[in-house]
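# Observations on the model geometry
Each chain, written out:
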Amino acid sequence: MGEVPSAAAAACAGAAAWLLGGPYSGARRARLLLAGGGVVGSGPPAWEDLALGLRRMRGRWRTEWWAPVVGLVLAVLGVSVLPLVVGAAGVPLLRRMRRAAEARRAGERRGDAVIALCAALAGEVRAGRQPGEALRCAARDSGGLGEAQAAVLAAARFGGDVPEALTDAARQPGAGGLLGLAACWRVAVDQGAGLAVGLDRLEGALRAERDQRADLRAQLAGARATAVMLAGLPVLGLLLGAALGADPLHVLLHTGAGLGCLLVGGLLEGVGVWWALRIVRSAEGT
């Protein structure tokens, strides 16, 4: 057990030295010397080097890999491998959360691209282009068709079923507005209705829906922040206990009652955060 804190401390010291110096500190000092910025050994302040190293590490590392880092620090402070094991076990969960957030942002960007596609297509139709040619030009400028762009453009170029291709493209996350575009296309082709007028109405409806969703998200931001703040209160309690000299990490990690409290408290904490965020997500979905 004594070898683990020593190895962890050595790893932390090496990471700190890398952050402070950086992999290109020698080259940076040479550039400063040749540029007349000072003597060798001078350079940006240590805090600027530290901030630069942290930004570089944040760009390289995914969010989930900070969990074992925090677990390593707690393992050193508490002289126990349990925080390190918990931090490593949290990597898949954090990775899943990060990917879900990335997918949500990608869906929002695709929804914005669909709105831009409708606006560009309406403009091209008003300019006198045929619907197929107008769709090719608008899709090239907006990128609202996403991964299904090739199939839709092929249908538009060679006389295929464009509404069916648009319906297939609407299965992508955030591209539900393409269903409205398919309906407008079908009505315009089958019944001779004005395509530009329908696209204008579709664009207005999609923009209103997006604004309503953004307003609802802004209203729920307070509830989400409150849930996160309440989830961080146990950490504040541990810090206060350490400041008072109670050594809470030793109690939690090296006594039977402490381990029981840690298990029950962690379970209740996870269930509470999950339930609060579930309420927020259900409100957003509604």
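For the structure itself, look to the data block above.
Residues numbered from 1 in each chain as written. Predicted model: local features only at pLDDT ≥ 70, side-chain atom pairs only at ≥ 80, totals over all residues. Heavy atoms only, no water.

## Some remarks on a nonpolar patch on the surface
In plain terms, the rule: Residues with no salt bridge and a relative accessible area higher than 30% make up the patches, which join like charges within 9 Å and nonpolar side chains (Val, Leu, Ile, Met, Phe, Trp, Tyr) within 5 Å. To measure how exposed things are, a 1.4 Å probe is used in the Shrake-Rupley method; for residues, cover is taken only from the protein chains shown. Should a side-chain nitrogen of Lys or Arg be within 4 Å of a carboxyl oxygen of Asp or Glu, the pair is scored as a salt bridge. In this description a helix means any DSSP run of H or I spanning at least four residues, a strand means any run of E spanning at least two, and both kinds are numbered starting from the N terminus.
Judged by side-chain polarity, Met-229, Leu-230, Leu-233, Val-235, Leu-236, Leu-239 and Leu-240 come together as a nonpolar surface patch covering roughly 690 Å² of accessible area. When residues of the nonpolar patch are traced back to their parent elements, those giving at least two are helix H10 (195-231) and helix H11 (233-243). Mapped onto the secondary structure, Leu-239 falls in helix H11.

## Some remarks on unusual backbone geometry
Basically, it comes down to this: Residue burial is assigned from relative accessible area. The probe radius is 1.4 Å, only protein chains are included, and a residue is buried under 20% of its type maximum, exposed over 50%, and partly exposed in between.
In this structure, Val-79 is a non-glycine residue whose phi angle is positive, near 50°. Relative to the assigned elements, Val-79 resides in the loop between helix H4 (66-78) and helix H5 (82-126). The exposure class of Val-79 is partly exposed, given its relative accessible area of 44%. In this structure, Asp-247 takes a positive phi of about 55° despite not being glycine. Residue position: Asp-247 is located in the loop between H11 and helix H12 (248-254).

## Thoughts on the nonpolar core
What counts here: Side-chain atoms within 4.5 Å link the members of a nonpolar core, which is a set of buried Ala, Val, Leu, Ile, Met, Phe, Trp, Tyr and Cys residues. Residue contacts are counted whenever heavy atoms from the two residues lie within 4.5 Å of one another.
Grouped together as the largest cluster of nonpolar side chains are 32 residues, with contacts concentrated most on Leu-117, Leu-135, Leu-145, Leu-166, Leu-178 and Leu-181. Put simply, the parts of the chain that give this core at least two residues each are H5, helix H6 (131-142), helix H7 (149-157), helix H8 (162-169), helix H9 (177-191) and H10. Those residues in contact with Leu-181 that lie beyond four places of it in its chain are Leu-117, Leu-121, Leu-166, Leu-199 and Leu-202.

## A short note on the packing of aromatic side chains
Using the following cut-off: Ring pairs are drawn from Phe, Tyr and Trp, using the six-membered ring of Trp, whenever the two centres fall within 6.5 Å, and their geometry is named by plane angle: stacked under 30 degrees, edge-to-face over 60, tilted for the rest.
Summed over all chains, the structure comprises 1 aromatic pair. Ring geometry for Trp-274 versus Trp-275: centroids 6.0 Å apart, planes at 50°, classification tilted. The partly exposed category is assigned to Trp-275, whose relative accessible area is 47%.

## A closer look at H8
Residues that lie three or four places apart on an α-helix share one face, since the helix turns once every 3.6 residues. What counts here: By construction, the arc corresponds to the directions joining the helix axis to the C-beta atoms.
Along H8, the residues classified as buried are Val-162, Pro-163, Ala-165, Leu-166 and Ala-169. Burial along H8 is one-sided: seen end-on, the buried residues are contained in an arc of 160°.

## Examining the pattern of salt bridges
Side-chain pairing between opposite charges can occur once the charged atoms of the two side chains come close. Going through the model one piece at a time under the given rule, you end up with 12 salt bridges. Between Glu-64 and Arg-95 there is a salt bridge; the shortest N-O distance is 3.6 Å. Residue Glu-64 is located in the loop between helix H3 (46-60) and H4, and its partner Arg-95 is located in helix H5; the two are separated by 31 residues in the primary sequence. Note on Glu-64: relative accessible area 1%, which makes it buried. Using a relative accessible area of 23% as the deciding quantity, one classes Arg-95 as partly exposed. The salt bridge involving Arg-217 is made with Glu-108; its shortest N-O contact spans 3.0 Å. Taken as a pair, Arg-217 in helix H10 and Glu-108 in helix H5 lie far apart in primary sequence, 109 residues in all. Looking at Glu-108, the relative accessible area reads 31%, which means it is partly exposed. Among the charged side chains, a salt-bridge network with shared partners connects Glu-64, Arg-95, Arg-98 and Glu-102.

Structural measurements only, silent on function.
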